[in-house]
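For reference, the chains in residue letters:
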Amino acid sequence: MNSDTVTAVNIEEPTFVEQQAKQPAIKKGWLRALVGFIIISFSASLGVIPLVISGVIAPEMMEMSASALFNQVGVNMMFVFMLLQFIGALFAIFIFRKYVDRRSFMSLGFELSNYKADLLKGLVWGAALISVGFLALYIFDFIAIVETDFGAIQWLSYIAFFAIVAFNEEILVRGYLLTNLMASMNKYWALIVSALVFSIMHLANDSTSLISIVNLFLAGIMLGIYTLHKRNLWFPIAMHFTWNFFQGPILGFEVSGTKMDSVINQQVSGSSLVTGGEFGFEGSLLLTVMMIASTTYIHFTYKNKAKV
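The structure reproduced in this document is the subject of the present report. Note that the structure is predicted; figures quoted are calculated from it, not measured.

Turning our eyes to something else, we now look at the packing of helix H8 (residues 210-230) against helix H9 (residues 234-250). Each packed pair of helices is defined by two parameters, the angle between the axes and the distance between the axes. Taken N-terminus to C-terminus, the directions of H8 and H9 make an angle of 155°; their axes are 8 Å apart at the nearest point. Classified by the angle their axes make, H8 and H9 are roughly antiparallel. Along this stretch, H8 crosses H9, giving a crossing that reads as right-handed. Between H8, through Met 222, Leu 223, Tyr 226 and Thr 227, and H9, the contact on the second element is made entirely by Phe 235, Pro 236, Met 239 and His 240. A per-class count over the contact of H8 with H9 returns six nonpolar, two polar and no charged.

Before going further, it helps to examine a nonpolar patch on the surface. A cluster of nonpolar residues, Trp 30, Leu 31, Leu 34, Ile 38 and Ile 39, forms a patch on the protein surface that exposes about 450 Å² of accessible area. Relative to the elements of secondary structure, Trp 30 occurs in helix H2 (residues 29-46). Residue classification places Trp 30 among the partly exposed residues on the basis of a relative accessible area of 42%.

It is worth spelling out the packing of aromatic side chains at this point. What the rule picks out here adds up to 19 aromatic pairs. On the numbers, 6.4 Å between centres and 20° between planes, the contact of Tyr 158 with Phe 162 is stacked. You can see Tyr 158 and its partner Phe 162 sitting in helix H6 (residues 155-182), four residues apart, about one turn around the helix. Assessed through its relative accessible area of 3%, Tyr 158 is described here as buried. Accessibility expressed as a relative area gives 3% for Phe 162, which makes it buried. Taken together, the ring pairs in this structure connect Phe 94, Phe 105, Phe 110, Tyr 115 and Trp 234 into an aromatic cluster. In this structure, Lys 98 is placed above the aromatic ring of Tyr 99, and the distance from its NZ or CZ to the ring centre is 5.6 Å. Positioned over the ring face of Phe 198 is Arg 174, at 4.4 Å from the centre of the ring.

Inspection of the secondary structure assignment puts Thr 258 in the loop between H9 and strand S2 (264-268). Exposure remark for Thr 258: the relative accessible area of 7% places this residue in the buried category. Separated by 2.8 Å, the side chains of Thr 258 and Ser 67 make a polar contact. Leaving out residues up to four positions away in the same chain, Thr 258 has contacts with Ala 66, Ser 67, Phe 70 and Phe 253.

So, on to unusual backbone geometry. Positive phi, close to 55°, is recorded for Arg 102, a residue that is not glycine. Tracing the backbone through its elements, the reader meets Arg 102 in the loop between helix H4 (66-101) and helix H5 (115-139). Non-glycine residue Ser 256 carries a positive phi angle of around 50°. In this structure Ser 256 comes out as buried when scored by relative accessible area, which is 8%.

What counts as what
- Residues numbered from 1 in each chain as written.
- Predicted model: local features only at pLDDT ≥ 70, side-chain atom pairs only at ≥ 80, totals over all residues.
- Heavy atoms only, no water.
- Axes fitted to C-alpha atoms, helices over the stretch in contact; angles between N-to-C directions.
- Helix = DSSP H or I, 4+ residues; strand = E, 2+ residues; numbered from the N terminus.
- Parallel < 35°, antiparallel > 145°, perpendicular 65-115°, else oblique.
- Left-handed = near helix turned anticlockwise from the far one by under 90°.
- Contact = heavy atoms within 4.5 Å.
- Nonpolar A, V, L, I, M, F, W, Y, C, P; charged D, E, K, R; others polar.
- Patch = residues over 30% accessible without salt bridge, like charges linked within 9 Å, V, L, I, M, F, W, Y side chains within 5 Å.
- Areas by Shrake-Rupley, 256 points an atom, 1.4 Å probe, with all protein chains shown as cover.
- Salt bridge = Lys/Arg side-chain N within 4 Å of Asp/Glu carboxyl O.
- Buried < 20%, exposed > 50% of the residue type's maximum accessible area, 1.4 Å probe, protein only.
- Phe/Tyr/Trp six-rings, centres within 6.5 Å; stacked < 30°, edge-to-face > 60°.
- Lys NZ or Arg CZ within 6 Å of the ring centre and 35° of its normal.
- Polar contact = N/O pair within 3.5 Å; in protein donor to acceptor, adjacent residues only side chain to side chain.

As structure tokens, then:
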């Protein structure tokens, strides 16, 4: 055979049916995000029906704010409540991801390459950010430490509770919602919309203020900007977890308006614009500045390392 002879290789083009099978069932990303968010949220609420049927939680308690419900039932029952919600939401997300988005669940942001580094960075970032805020308030006499007691909290219960909260909110908002929004609009507009939804989800919390709403929006931007560039959820999940865990059970702040047992029993004084008042540090103008600085740093650090 002549060495210059080229052997033709018959490569079959995918059929129309095969091409269609790979396309989302709902073509518009924003519409998938909207429909998915509504049904996933509904599925999450159905998850807690066993608690209502069994009488563990009275039907009228379902109308309470998260803060009021937490104070009523305590951390252990609240963990069960959130776990059942998470299972309901996760089931709906799996179904939507497979049959509507026609993508894998893992592609929401659970790539395993370098996940340990992302996880560690998130854990450190969340703990460090809230600790810096606490230290600043303490140095300038906005906080006084009344008592420190490492036996004051149920460690495993709080760790489990805030882990479920972090996974639940990040998979829904930074995972499903943001991913689908980016499929049909500029990624920064998608980030803004997802951050707005995140802040609206917390409007029913006790002692909400204009500053706390703005800060929750900024938190949505801060948690989402890493996902925008790196396409993974490990960092925001870890950061969300340590932020809440150190904020409440360790340092003694209210967590989005919810007061809980803590290692440090603190007393706040001075302007609520600085301390956050009854909503906790998330209602503070100091945090507003800190989150803008944090988000800016994350953005410019990882913008050039963005995963295409």
